[in-house]
Amino acid sequence: MAGMPRLPHAFRIFWLGKAVSLLGTATTATLLSMLAATELDAGPGWMGVLAAASWSPWLILAQAVSAAVGVLLDAISFLVSAVCLARARLAPRPPDDAVAMPEESLVQRIRAGVGVVARDPFGPLKGRHDLPAPPPRPSRPLERSIPA
């Protein structure tokens, strides 16, 4: 093991702290259940209530954290999109002796990109206008298959 580099001191302290924390969590969960069963004579119902109560903070915090992460991810994706659009707008023009291509404005480029997405049969922009026409209605009423 002489060739392996030593981990940084801060990482070793972090790892030791995490190990002690997980050991304490596991010990608490185990000893709390044992204490309830032996000293408090808790039956299966009370043991279930105890287990549910031990998970309730996770259930409550998960809702708030997931909402905050969703907002944060939306903000990040908006920022990345804005930066990409700004860079596309400020992209250097090709030299005049390059292959002659019609110059497109940023709005035309965006319209072309949205057109590609809209033509995608599995794309997210499919709306009711893309649904097939309903079958024609029969000219005479349908006969009842169940006798009266």
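Residues numbered from 1 in each chain as written. Predicted model: local features only at pLDDT ≥ 70, side-chain atom pairs only at ≥ 80, totals over all residues. Heavy atoms only, no water.

A. Structural detail: the overall build of the chain. If you tally the helices and strands in the chain, you get 3 helices and 0 strands. Scanning the chain from its N terminus toward the C terminus, one meets helices and strands in the order α-α-α. In the chain, which comprises 148 residues, the share counted as buried stands at 2%. Of the accessible surface of the chain, which amounts to about 14,100 Å², a share of 70% is contributed by carbon and sulfur atoms. (Helix = DSSP H or I, 4+ residues; strand = E, 2+ residues; numbered from the N terminus. Buried < 20%, exposed > 50% of the residue type's maximum accessible area, 1.4 Å probe, protein only. Areas by Shrake-Rupley, 256 points an atom, 1.4 Å probe, with all protein chains shown as cover.)

B. Representation of a nonpolar patch on the surface within the structure. A grouping of L61, V65, V69, L72, L73, I76 and V80 is seen on the molecular surface, where their side chains present a nonpolar patch of about 630 Å² in accessible area. Relative to the assigned elements, L61 resides in helix α2 (residues 44–89). (Patch = residues over 30% accessible without salt bridge, like charges linked within 9 Å, V, L, I, M, F, W, Y side chains within 5 Å. Salt bridge = Lys/Arg side-chain N within 4 Å of Asp/Glu carboxyl O.)

C. A look at unusual backbone geometry. Unlike most non-glycine residues, D41 shows phi in positive territory, near 50 degrees. If you trace the backbone, D41 turns up in the loop between α1 (9–38) and α2.

D. Just the environment of S33, in detail. Examined against the element boundaries, S33 turns out to sit in helix α1. Classification of S33 by relative accessible area gives partly exposed; the value is 30%. Sequence separation between S33 and L50 is 17 residues, and the spatial gap between their C-alpha atoms is 7.9 Å. Discounting chain neighbours no more than four positions away, the residues touching S33 are M47 and L50. (Contact = heavy atoms within 4.5 Å.)

E. Layout of α2. When the terminal C-alpha atoms of α2 are compared, their 66 Å separation across 46 residues agrees well with the 68 Å that a helix rising 1.5 Å per residue should span. The largest bend in α2 amounts to roughly 40 degrees and is located at W55, with the proline P57 lying one to four residues further along. (Expected span 1.5 Å × (residues − 1). Bend = angle between axes of the 7 residues up to and from the residue.)

F. A look at the confidence of the model for the chain. On average, residues of the chain score 77 in pLDDT, and 68% of them are at 70 or above. Least confident of the elements in the chain is helix α3 (residues 106–119), whose mean pLDDT is 74; most confident is α1, at 91. (pLDDT = per-residue confidence, 0-100.)

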